[in-house]
Amino acid sequence: MIPADFLPPALGPQRTFAFVAGVERYDISHRWNLRGPARDALRFAQWLTGPAQVPAGNLRLLLSPLDDPDALDWPDSPAMAALRTAYRPATEENVKAALLDELPQCDGDLLWIFWAGHGYLGPRQELMLPCADARPSQIRHLNLDSALRWWRTDLVKHRSFPLQAALVDSCRVDAPRDARWNFGSTDYGGGSSVPGRRQFRLYASREGEAAQNDAERGAGRFTEALLAELGTRSVRESVSGLPTAARSIHRTFQELRERGGGWQLPQFLVDRDWDACSFLDDDPATLAPHRAAARLDQPAWDGLGELFEGRELPRCAYEAYAWAFKAAGCTTPVGGGLPGDGLLEVVQDLDERQGGPGGMPLAVPFVRFLADRAAAGDAAGDAAWAGRLKEWVHTTRERLALPVLPPPPPPARTTVVHVGLEPPPDGGPGLRARMWLSGERTEQIWESAGAPLRLDAVREELLRQLALIGATPAGGGAAPRTRGGVDRIEFHVPYELLDTDFDQWPVPRGPAGRHRALGLLHQVVVRCPQERADTRAEWQTSWRWLCTRGGRHPEAVRVVQEAEVTDALGMELAERPAPACVLAHTTAAPHAGLLEAVLEGGVPVAVWRRGGGAPAAPLLDLLAPAGPDGRPDPGALDVLALPARVREVRRAAAGAAAGAARAVQQPSGEDQLVLLWDDPDDIPGFRSLA
């Protein structure tokens, strides 16, 4: 509670002013729209003009609702009726006019700032709240941190507004570092700071967390909890009780997280001169008792130093990092990717974040995950390392008295048929072929003998093997070789065959001699590992970089235009691990320089249109989900899921074609996508067939 003598003697409804904004509709894209903030703003305004008895003329209400403003649930009161005719759209111009021009000229003791809508953190961790007129070329916004600094200066009427409270129901996630996200640089400047002005900030989430919105009910969870705490309090009661209300809201969300019903955790900041001390939301003396997360002790660090010495980040490192937060009951950091390039760096980051409400340090489930995956690995020494990791987890848990961990999820199993093709050693016509089946184990299932084969003979043999893989042997005593069927078919081919239409091979399907394209039934990719001997280091580095970022990163994907395909492109691609995926927007055939550059640059993944020519829709539009601006977001494209995504695109194109009456179906650009997918860790038994 704020001591009574800290409150201005004249503080009451007449000397209380408010800026209230709710933004649901954004010009930048319909994908930004969300339902709830306008209703939240109205309900806060209803509390101000109702129980708090603040005159309607003291409020500046800004609303940009999804629906007609008249369709909103306007409370039936004279004050709200006045606001219904006085509110303005939440554009940047109106925001600045209300908050930086009009309200500072008023004579009051208390300023409320309430905002509901989207929120992003800038490079300097300043909270940027996009306005309704945000556009891709310029995301107009309110820089809340800069505005609050401005409100503490002598540009605000002297001796006015000694108390200022900012309540924000928005996310606080990092704005993507992408040229399309042009927030620009917004700083409102300010004069000299005025001693005695005190600010209370109450956010719906911590840095890096998303705030939850109930779209069906049209309400933010944070606003719901806030209004429940304010209840029927007067102005003086609400101000003096803000710290207590903050703690109560914190406990509500903490309990929600423990039950698995919420992710965000509100954060409260009160200036030190509010009551001569700092009020922090993790003050153990003031919060409801809960077990604080332990930190690793010195014996734990000594053990990890020995276990991780000389070890590169394993392929599963990002999965282990993400699972550690889930196992400890915490929210996974927004943005994805690992915080460092070494195992000790990752553990240090986890330890600094501490852990969840159950007292589990995040580093312990991370190591447990590594142990389980190492035990399931085939590499020499994995089993021994797994045993040492498990022993570290066991002794650390006992020493720190940690709770039992749930078992990590098993690795996802993908059943793959590898088809290796090579020209004969004498350089004659035809191909030598071999096939492997890779799933729970890897086995060779067929090899050509005698004269080299034509591609149609390879196709017939592949169809026969696919039938055998899923078939129950005669007598019915044994199970098929794979229970879920074949997920993916990977063609290891010479460079000259990369553009071959393997995905279009017809497969008998159903009655009356019906056929389906192979690429509609299975994920189909091409590979060319034998051409990577000179750039093996770059190839493996790029793949591991991609895996340690969970397959998603703003720099992971590069769209290559026609003019960029030069003799220097391959060397340029080899300079850094990123990009790990190239999307070709070229009209020339891919062999006209593009694929040479991809292989020379060590890029493991590439997508192009067979035979050249840009697809009807740009590849990024076809493959990547849309970002908040409505345009495809390269940083959101999961490169590791591209085989499945490309099959989805092929199926969608086939479905669209089937709707048109055609005597002969002509493949569309989407039908003709080729995916180069060279995973350096998965080349089963590959050696020359010569």
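Bear in mind that the values here come from a model prediction, so they are computed numbers and not experimental data. (Residues numbered from 1 in each chain as written. Predicted model: local features only at pLDDT ≥ 70, side-chain atom pairs only at ≥ 80, totals over all residues. Heavy atoms only, no water.)

Trainee: Before we go on, may I ask you to explain a positive patch on the surface in this structure?
Mentor: A cluster of basic side chains, namely Arg509, Arg514, Arg516 and Arg651, defines a positive patch on the protein surface. Within the secondary structure, Arg516 sits in strand β19 (residues 515-517). Classification of Arg516 by relative accessible area gives partly exposed; the value is 33%. (Patch = residues over 30% accessible without salt bridge, like charges linked within 9 Å, V, L, I, M, F, W, Y side chains within 5 Å. Areas by Shrake-Rupley, 256 points an atom, 1.4 Å probe, with all protein chains shown as cover. Salt bridge = Lys/Arg side-chain N within 4 Å of Asp/Glu carboxyl O. Lys, Arg positive; Asp, Glu negative; His and termini not counted. Charge placed at Lys NZ, Arg CZ, Asp CG, Glu CD. Helix = DSSP H or I, 4+ residues; strand = E, 2+ residues; numbered from the N terminus. Buried < 20%, exposed > 50% of the residue type's maximum accessible area, 1.4 Å probe, protein only.)

Trainee: When you look at the side chain of Asp109 in this model, what are you seeing that I'm missing?
Mentor: Within the secondary structure, Asp109 sits in the loop between α3 (92-102) and β3 (110-116). With relative accessibility at 6%, the residue Asp109 sits in the buried group. A polar atom in the side chain of Asp109 sits 3.5 Å from the backbone nitrogen of Leu11. There is a polar contact of 2.7 Å between the side chain of Asp109 and the side chain of Arg15. (Polar contact = N/O pair within 3.5 Å; in protein donor to acceptor, adjacent residues only side chain to side chain.)

Trainee: Honestly, helix α8 (residues 298-308) in this entry has me stumped. Any pointers?
Mentor: A turn of α-helix holds 3.6 residues, and therefore any two residues three or four places apart point the same way. Taken together, the buried positions of α8 are Ala300, Gly303, Leu304, Leu307 and Phe308. Taken around the axis of α8, the buried residues stretch over an arc of 115 degrees, which confines them to a single face. Among the exposed residues of α8, those oriented more than 90 degrees off its buried face are Gln298 and Glu306. Regarding α8, its N-cap is Asp297, as a side-chain oxygen of that residue lies 3.0 Å from the backbone nitrogen of Ala300 further along. Gly310 occupies a position one or two residues after α8 and carries a positive phi of about 75 degrees. (Arc of directions from axis to C-beta.)

Trainee: Looking at this structure, I do not really get the pattern of salt bridges. What am I missing?
Mentor: Overall, the coordinates contain 34 salt bridges when judged by the stated rule. Between Glu447 and Arg434 there is a salt bridge whose closest N-O contact spans 3.1 Å. Of this pair, Glu447 sits in strand β16 (residues 442-447) while Arg434 sits in strand β15 (residues 432-438), and the two are 13 residues apart along the sequence. With relative accessibility at 34%, the residue Glu447 sits in the partly exposed group.

Trainee: What's the story with the packing of helix α1 (residues 37-49) against helix α5 (residues 221-230) in this structure? I'm lost.
Mentor: Helix-helix packing is characterised by the crossing angle of the two axes and by the distance between the axes. Between α1 and α5, the shortest axis-to-axis distance is 11 Å and the interhelical angle comes to 10 degrees. The orientation of α1 with respect to α5, classified from their angle, is roughly parallel. Contacts between α1 and α5 pair Arg39, Asp40, Arg43, Phe44 and Trp47 from the former with Thr223, Glu224, Leu226, Leu227 and Leu230 from the latter. Grouping the amino acids of the contact of α1 with α5 by side-chain chemistry returns five nonpolar, one polar and four charged. (Axes fitted to C-alpha atoms, helices over the stretch in contact; angles between N-to-C directions. Parallel < 35°, antiparallel > 145°, perpendicular 65-115°, else oblique. Contact = heavy atoms within 4.5 Å. Nonpolar A, V, L, I, M, F, W, Y, C, P; charged D, E, K, R; others polar.)

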